[in-house]
Amino acid sequence: MSRLLFQGVPGVADNSTSFRAQSTIYGSPSTVSEADTLHEECGVVAIHHHPHAAHQAYLALYALQHRGQESAGIATADGHHLANIKGMGLVSEIFTDDVLAKLPGSMAIGHTRYSTTGDSALLNAQPIRVDSTKGLIAIAHNGNLVNLGNLRARLERDGAYFQTTSDSEIIVQLIAHSSAPSLVDAIAESLSQVEGAFSIVMMTRDRIFAARDPRGFRPLSMGRMKNPSGGADTIVFASESCAFDLLRAEFIRDVLPGELVMVSQDGVTSRQYASGVPQSSCVFEHVYFARPDSRIFGRWVQESRDQMGRQLARESGVDADVVVPVPDSGVTAALGYAEQAGLPFRLGLIRNHYVGRTFIEPEQRVRDFGVRLKLNPVHNLLAGRRVILIDDSIIRGTTSRKIVRMVRGAGATEVHLRISCPPTISPCFYGVDTPSKRDLIAANQSIEEIRRYIEADSLAYLSLEGLLSCVQDEKETGYCTACYTGNYPTQWVDVEDILPATASV
Ligand code: SF4
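Note that the structure is a prediction, hence the values are computed from the model and not measured.

Caption draft 1: Structural detail: the sheet that holds strand β9 (residues 196-203). Pairing in this open sheet of 6 strands is antiparallel, and the strands run β7-β8-β9-β10-β14-β15 from one edge to the other. A single partner strand is all that each edge strand has here, and the edge strands are β7 (128-132) and β15 (267-272). Averaged over all neighbouring strand pairs, the angle between strand axes comes to 20 degrees, with direction disregarded. Here 4 bridges tie strand β10 (residues 208-212) to strand β14 (residues 259-264), and the two strands are oriented antiparallel to one another. Bridging from a neighbouring strand, A210 pairs with V261 of β14. The strands that helix α7 (residues 168-176) touches are β7, β8 (135-145) and β9; relative to β8, the one it contacts most, it runs at about 135 degrees. Here helix α8 (residues 183-191) sits on the sheet and contacts β8, β9, β10, β14 and β15; the angle it forms with β14, its principal contact strand, is near 155 degrees.

Rendered as structure tokens:
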């Protein structure tokens, strides 16, 4: 069994203090990846009024595993107690039947996270459970706050004692230090003080709260499971609607940007704690992160990706024999491209789904296998053919070069790489683990230079206008495109991270 952290679990000693003692918790919370892929930071879920709330949270987290594979946690409440268990690893590794049985109650929140290894990572894993002046609160957060420094210093001056380095705890400490008369007022007041991206679920002993930041960076949906015995329905929240399918819950709606929803035994209430801020939902959720069977920001992801592939074919068609996706996230865009171009779609690269997380790879030399461990070419589909490869991003360029070489090594006569979004030129500060600008190849090299580096016969990206045309609907959702434009929708960004390579030498 994974090493687990227990807080408030009936019959189990609380061991969070020993984790704190072993951890350097006041270091940087940053977990910037050395890898050549982008990582989402988190997925969150919440369940209100279900006899097996912990198990339902487990299933929902299972469906959100793609949003973070390094740690997971579930907190439950039964009206009196608030128990919390979290551990490092996959949801299914941590939450065995034995562990789930230790989490009683009809309410639950859960979290799955991308992070680094070690005990400090476990301490920072979520949900975070804090015994505050407003009572016990557990919080699970997807996103990233950007005005951390000021708020943290101010709270510490006011006597706040932080258990973790996680920015999510700042929200709880703001709630604890609020002089607002009610808990819901304190939450609304606290949320309006933080800047950045947050889709959060919170739980007290008897209530669930769900909220999105005023710009709506990260998705968060609300659903319902009918109560077969005719009592109150189960209300569920999840980062993506694909989690509802596993629960057999029906999608009700998205939590709105700037909205705080409260669910108690009296029903569902909602308030708009912030308004008048332009929406800037993360367009990269549609490009890469969210599952194609999810509906986020009012649109099916599958539909967006199909459109991206079609638009890419219209913008940068090339004579070829076959369209091949880089699996898994390139598949839907490649289907759209192939259909638009009138070319055959072939699964010429096969992904090994059982490759573990990088930190459990035993030795560096195994890590160097990298792409070959994850992908393998289907020689008879590629040999002697002119191949259009469809992928969804080029970060440092090293992975793309290995894939191009792999396809050519399998006998392709030409390799044309097409990317279903614009060049990634700037880091994300809103919950996506991106390298700094100096490590982003497109921030420092022209498209022709990148083409030469990755050894492709041709290279083209989807235009920004083309991308935005593929994610629009009648509601005219506003999108963040900062990683493609460098235009950040918030003021607070880390200047060091947005310096190009030439400025850093
Ligand atoms: S910078 Fe890019 S990845 Fe980050 S929120 Fe904006 S669009 Fe999404």
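Caption draft 2: Examining the pairing of β9 more closely. Of all 8 residues making up β9, 8 are buried, and the element is well covered by its neighbours. As defined by bridge partners, β9 adjoins β10 across 5 bridges and the pair is classed as antiparallel. Across the sheet, residue M203 finds its bridge partner in β10, namely I208. Connecting β9 to the next strand, β10, in antiparallel fashion are 4 residues.

Caption draft 3: Empty space enclosed by the protein, seen in detail. Within this structure, the stated rule accounts for 2 cavities of 30 Å³ or more. Its boundaries defined by the atoms lining it, the largest cavity holds a volume of some 120 Å³. Lining of the largest cavity is provided by 15 residues; of these, C282, F284, C428, V432 and C483 occupy positions nearest its centre. Within the residue set of the lining of the largest cavity, elements represented by two or more residues are α10 (283-289) and α20 (482-485). Among the residues forming the lining of the largest cavity, the class breakdown is 12 nonpolar, 2 polar and 1 charged.

Caption draft 4: The arrangement of the site of the ligand in detail. Neighbouring the ligand are R218, C282, V283, F284, C428, Y430, V432, C480, A482 and C483. The cavity that encloses the ligand is the largest cavity. For the shell around the ligand, the elements supplying multiple residues, two or more each, are α10 and α20. In terms of residue class, the shell around the ligand is built from 9 nonpolar, no polar and 1 charged.

Caption draft 5: Main features of the packing of aromatic side chains. Counted by the stated rule, this structure contains 9 aromatic pairs. Seen in terms of ring centroids, Y288 and F289 are 4.8 Å apart; in terms of plane orientation they differ by 65 degrees. Their pairing is edge-to-face. When its relative accessible area of 23% is taken as the criterion, Y288 is described as partly exposed. Taken together, F217, F429, Y430 and Y488 form an aromatic cluster joined through their ring pairs. The ring of F162 carries the charged tip of R152 above its face, separated from the ring centre by 4.1 Å.

Caption draft 6: Seen up close, the pairing of strand β4 (residues 71-77). With 7 of 7 residues buried, β4 is to be regarded as a mostly interior element. In β4, alternate side chains face the same way, and those of S71, G73, A75 and A77 on one face and A72, I74 and T76 on the other are all buried. The sheet contact formed by β4 and strand β5 (residues 82-88) spans 7 bridges and is antiparallel. Its bridge partner being in β5, T76 is matched across the sheet by A83. In sequence, β4 turns back onto β5 through a hairpin of 4 residues, with G79 there showing a positive phi of about 95 degrees. When β4 meets strand β6 (residues 107-113), the two strands line up antiparallel, connected through 7 bridges. Opposite G73, over in β6, you have H111 as the bridge partner.

Each value, and the rule that gives it
- Residues numbered from 1 in each chain as written.
- Predicted model: local features only at pLDDT ≥ 70, side-chain atom pairs only at ≥ 80, totals over all residues.
- Heavy atoms only, no water.
- Pairing = 2+ DSSP bridges.
- Helix = DSSP H or I, 4+ residues; strand = E, 2+ residues; numbered from the N terminus.
- Axes fitted to C-alpha atoms, helices over the stretch in contact; angles between N-to-C directions.
- Contact = heavy atoms within 4.5 Å.
- Buried < 20%, exposed > 50% of the residue type's maximum accessible area, 1.4 Å probe, protein only.
- 1 Å grid on protein atoms, 1.4 Å probe; cavity = no way out; pocket = protein on both sides within 12 Å on 5 of 7 lines; lining within 4 Å.
- Points joined across faces, edges and corners; volume = space filled by probe spheres on them.
- Nonpolar A, V, L, I, M, F, W, Y, C, P; charged D, E, K, R; others polar.
- Near = heavy atom within 4 Å.
- Sits in = over half its atoms within 2 Å of the grid points.
- Phe/Tyr/Trp six-rings, centres within 6.5 Å; stacked < 30°, edge-to-face > 60°.
- Lys NZ or Arg CZ within 6 Å of the ring centre and 35° of its normal.

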